[in-house]
Structure formats: C-alpha cells, structure tokens
Amino acid sequence: MGKMSNSQTKTDVILIGAGIMSATLGTLLKELAPEWEIKVFEKLGKPGEESSNEWNNAGTGHAALCELNYTPEKPDGSIDINKAIKINEQFQISRQFWSYLVKNNLLQNPQEFIRPLPHISLVQGENNVRFLKKRFEALSNNPLFQGMEFSDDPEKLKEWIPLIMEGRTSNEPIAATKIDSGTDVNFGALTRMLFDHLKRKDVEINYNHSVKDIKRTSDGLWELKVKDLNSGSVEIHKAKFVFIGAGGGSLHLLQKSGIPESKHIGGFPVSGLFMVCNNPKVVEQHHAKVYSKAKIGAPPMSVPHLDTRYIDNKKMLLFGPFAGFSPKFLKTGSNMDLFASVKLHNLVTLLASAFKNFSLVKYLLQQLMLTKEKRMKELREFIPTAKSEDWDIVVAGQRVQIIKDTEAGGKGTIQFGTEVVSAADGSIAALLGASPGASTAVHVMLEVIKKCFSQHMHEWEPKIKEMIPSYGVSLAENPDLFQELHTSTAETLGLSGKESVSGVSEKELVYS
Ligand SMILES: Cc1cc2nc3c(=O)[nH]c(=O)nc-3n(C[C@H](O)[C@H](O)[C@H](O)COP(=O)(O)OP(=O)(O)OC[C@H]3O[C@@H](n4cnc5c(N)ncnc54)[C@H](O)[C@@H]3O)c2cc1C
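Residues numbered from 1 in each chain as written. Predicted model: local features only at pLDDT ≥ 70, side-chain atom pairs only at ≥ 80, totals over all residues. Heavy atoms only, no water.

Points about a nonpolar patch on the surface
Judged by side-chain polarity, Val342, Leu344, Leu347 and Leu351 come together as a nonpolar surface patch covering roughly 400 Å² of accessible area. Of note, Leu344 is situated in the loop between α9 (337–340) and α10 (347–356). When its relative accessible area of 78% is taken as the criterion, Leu344 is described as exposed. (Patch = residues over 30% accessible without salt bridge, like charges linked within 9 Å, V, L, I, M, F, W, Y side chains within 5 Å. Areas by Shrake-Rupley, 256 points an atom, 1.4 Å probe, with all protein chains shown as cover. Salt bridge = Lys/Arg side-chain N within 4 Å of Asp/Glu carboxyl O. Helix = DSSP H or I, 4+ residues; strand = E, 2+ residues; numbered from the N terminus. Buried < 20%, exposed > 50% of the residue type's maximum accessible area, 1.4 Å probe, protein only.)

Focus on the site of the ligand
As a matter of local geometry, the ligand sits amid 38 residues, with Glu42, Ser52, Thr60, Val211 and Ser439 nearest to it. One of the backbone nitrogen or oxygen atoms of Ser51 is found 3.1 Å away from an oxygen atom of the ligand. Ser52 is positioned such that a nitrogen or oxygen atom in its side chain is 2.5 Å from an oxygen atom of the ligand. Ranked by residues supplied to the shell around the ligand, first place goes to strand β9 (residues 209–216) with three residues. Considered class by class, the residues forming the shell around the ligand number 17 nonpolar, 17 polar and four charged. (Near = heavy atom within 4 Å. Polar contact = N/O pair within 3.5 Å; in protein donor to acceptor, adjacent residues only side chain to side chain. Nonpolar A, V, L, I, M, F, W, Y, C, P; charged D, E, K, R; others polar.)

Quick word on the nonpolar core
Counting residues in hydrophobic clusters, the biggest one holds 85 residues, and the most contacted among them are Trp98 and Phe243. Within the second largest apolar cluster, 27 residues are counted, among which are Val282, Leu379, Ala386 and Trp391. (Core = buried A, V, L, I, M, F, W, Y, C linked by side-chain atoms within 4.5 Å.)

Structural notes on the packing of helix α1 (residues 20–32) against helix α6 (residues 187–200)
Orientation of α1 relative to α6, taken along the N-to-C sense of each, is 40°, at an axis distance of 9 Å. In terms of crossing hand, the pair formed by α1 and α6 is left-handed. Across the interface between the two elements, Ile20, Ser22, Ala23, Thr24, Gly26, Thr27 and Lys30 of α1 pack against Phe187, Leu190, Thr191, Leu194, Phe195, His197 and Leu198 of α6. By residue class, the composition of the contact of α1 with α6 is seven nonpolar, six polar and one charged. (Axes fitted to C-alpha atoms, helices over the stretch in contact; angles between N-to-C directions. Left-handed = near helix turned anticlockwise from the far one by under 90°. Contact = heavy atoms within 4.5 Å.)

Written out as structure tokens, the structure reads:
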C-alpha cells in the first residue's frame, strides 16, 4: 500500500459502495436523521457501475407477477403463493418510497428510472399449461395480482406477444398470463439520481476510494483503511455505524470485520451474459417482459427472459441473462476472489456446498462454454424467427449467492436470495446475495435500520409511515389500502397510463 495519511476523521455513518443499496440506505437515513454526517466510499469512478448498472441487471421490477420460481407447486398439486405475496409486498414498499421522493421533489422525472411494462409468464407443454392455469387461479383471487389475465388461445397470444408467436410451428399446448401493472426499472439511473440527491444533501461521496480493511477500535468505533486510488495514499476513517454495501465485495469486507456473524458464510459467484437486439424492426414488435420456466436442474437465476428495456430513453430488446461460472465476485473483480473468500471457519461449509452442488457447477460451466449459435437456439425457443445477425452478446453483472449452513438445507446450502448480516450491537451491517435484490432495496434497507437503529425506531416510525404508508401493514390483507396506494403511486411515478408527471411519451422514444 502507498503512504499512510495521518488524518483520522470521525463520522456518524459510512456507506461502503455506491450501488442501489447504499443509495437507498443513505436516502432513508437523510430523511430520518438529517443532522447525521454520512460518508460514502466507492472504488470506481462513478455510482451504480457494478450490479446496479442498467447493463448489468435485467431491470425487472420484481413483484412476482411473472417469475414462476416464486410460486412452486406443492406435492399435493396446489400452488404455494406465499413467496409471491412477500416479494410483491416488498416491491410495493419500493414504489411508495420512490413516490414519496418524487412527490417531495427529491427525485425528478420518474420515467427516467421506471416505466410501465406488461409482465408475462409463458409456458409450453401440457403439464406446464396446467401449472400456469393453477397459478393464475391462485393469484388472481389475491388483490396484489388483480388484472392478471390467462390465455391458452394462440390468437390471443398473437396479440400479446406477436414476435414470439410468429413462425411457431409446434403443436404443443402453449399458454401465458399477462398483467399490465408490471414495470421495467432502470436501477442504474435510479442509483445515479439518488447519489445526486445525496450530494445535494451534503453527503460526502468519495469515488476512486477502495476500502481495504475494517476493524473495531477500543473506543467502540469502526476504523476503515481506505485507499485513494488517484493518489495512492491510505486514509483512516472512523464511524459509529458502517454499512457494507459493496455488492460482490461485501463478503470479503464482512470477513475483515471479524464479527462472529461473518463466520461460516461463503460466496458462490454466478456470471451473466445478455443478448441485445440490434434490429429496430424486431425491437418494435415486442412490448413486455416474458419469463418462462427454468429447465429441470437449472438454478432460478438462469431462466432467460425476453425483455423490452428502456435504457438512455431508448426502447431495447434483451434476452438473458445466461448464467455461467466465474471465480470473480465483482464484474471488475479478480479471478482470485473466490479463492480469497475461503477461510478456516467456512471451509467445511464450502466443501459441503461444492459436494452438494457439483451438478450446478457443471451446469454453469457448460453454460459458460455455449457458442453464440447455441445461445441463439435458446433464443429461438422464444423467437422462432430470430436471426443471428440481429443479436449481439454483452457481459452482464456478477452475482454472489450466499452459501451457509441452514436447518432446512443442511451444511453448505446455496441461498438464492438477499440477506442482511449484522453485528449483535447493530454497529455494522452487510448486504449479501442477489435477486430479487434491487427491487426490494427499500424493504431490505428498512430491515437494516430496524436491526441496527432499534433505539430510534419509536421516534422514526411516524416519518417512516409518512414515506411508506403501508409500513408494518399487510397489503394482501388490506385490499382497500392496496388499491389506494397502488393507484396513487402509479400516478406519481407515471405508471397509470394517464399522462405521466413529465413524461416522454412512447412515441418520442428512439427505437434501438
Ligand atoms: C445478471 C443480473 C441480473 C439481475 N436482474 C435483476 C432484476 O431484474 N431485478 C432486480 O431487482 N435485481 C436484479 N439483479 C440484482 C441487483 O442487480 C442487485 O441486487 C443490486 O444491484 C445490488 O446492489 P448493491 O448496491 O448491493 O451492489 P452493487 O450495485 O454491485 O454496488 C456495490 C458497489 O460497491 C463497490 N465496491 C465493492 N468493493 C468495494 C470496496 N472494497 N471499496 C469501495 N467500494 C467497493 C462496487 O464498485 C460497487 O459500485 C440482477 C443482478 C444480476 C447480476
């Protein structure tokens, strides 16, 4: 490391990483405790350049409207919708908070980060059609999923998904559900907008600053060793509370903190690729996010979907992400990341996981080796007429799934979710895991606040309820409240189909 700077500065809160998680926590804390001093350290030159960037994730506002893995079929044949309800409720919390920010002029132009887009689930084969019908019946009785339609009529499907139905010769039964209240979220744009807002609120944001070490000092504070990547000098910063929002880099930093809660946890990296359509005529023919079922043996995050996306005010068409295996924990990370995360305390957990998940690793390695033509073959299951020359490949973000010992799964179980790990005294917390990630950032950061600032919760609750009126209330059980909030957030965020707040209309969009 370079020369050590002598200055030791103390602050209330340090956020490590400038992704959607730190952006959300910083924004919440600035509303709840405006006088607190907050510093951010980000190793890259800009905010939202890793997983939160629009090119690195799929931009789905995950509300369980179309993702079939949130509604598993139980052994008795019925559909378990509990997870779908949970994810949907969490997304409603995000919508309410984003609406609060827009209404109070803390964020402008919501159409730059969120747009309405139908969410469609599409299946083929008799058993899958039966499953989808049962899922539709189970969900459509619930207020959170109102407006969902089901069809197994090819003529109707041609209206919904013309590009997917064109040139389809198979006689296999096919069916879909469609719900128009889905969204496409540009999490990269949202992250950048939130950091602009934090800057206006005098948060000190340090780009090109990489956090190298974290330790507890005798005065009960956390001391961070931070390298200024421009000058090469090393700075020492102290804080009462530290949030490790370093995405794939979080596990490494959590391990450095040495807290007991950081032990026996490992990371399982999964890389991603998208195919992007470069033919505007094809892009124009599709208007939805279309999710299908994971192939048998494939992990949930490897289900490619065909998505209309809005990036830089352009309408685009992406297929993916194709999952693969890479030892890196960040897209800009190192091939040594996986190796460096192996410690004595998590060795048994990791070995158990490697043993258990041999077929998953094999699957991901095989996926990694796929040629463009093999990927086109998967794409043609969605768009039978897809031409190779219309599609390019781009590298997506890196996900690090958590491996830990659980009661249900035993030693070394991979968790396909997002998890907060915090010290017992609430002085440090880290966010690990990936999907449904960004969509549920507000819910997850409220969990951090509840765990780490419990002594302030009584005082903060009225403000939290002002920002998120359904806080602590089940919307699934309060249909009237759901209706009221869903309508008002749709209007504020420009999702209602009525004139958006300051909308660029569909006609003005450039097709790319
Ligand atoms: C392929 C893919 C598809 C996805 N699709 C969706 C989707 O459709 N919908 C959805 O809701 N979510 C999706 N996700 C998940 C979502 O992208 C993530 O959950 C979310 O972006 C995580 O945000 P974050 O702030 O934790 O991490 P990041 O955005 O990765 O930010 C972490 C930041 O920390 C910085 N950092 C790392 N180490 C250090 C260090 N030592 N010092 C300083 N800074 C550091 C990094 O440079 C980075 O900027 C997807 C993810 C992937 C990879």
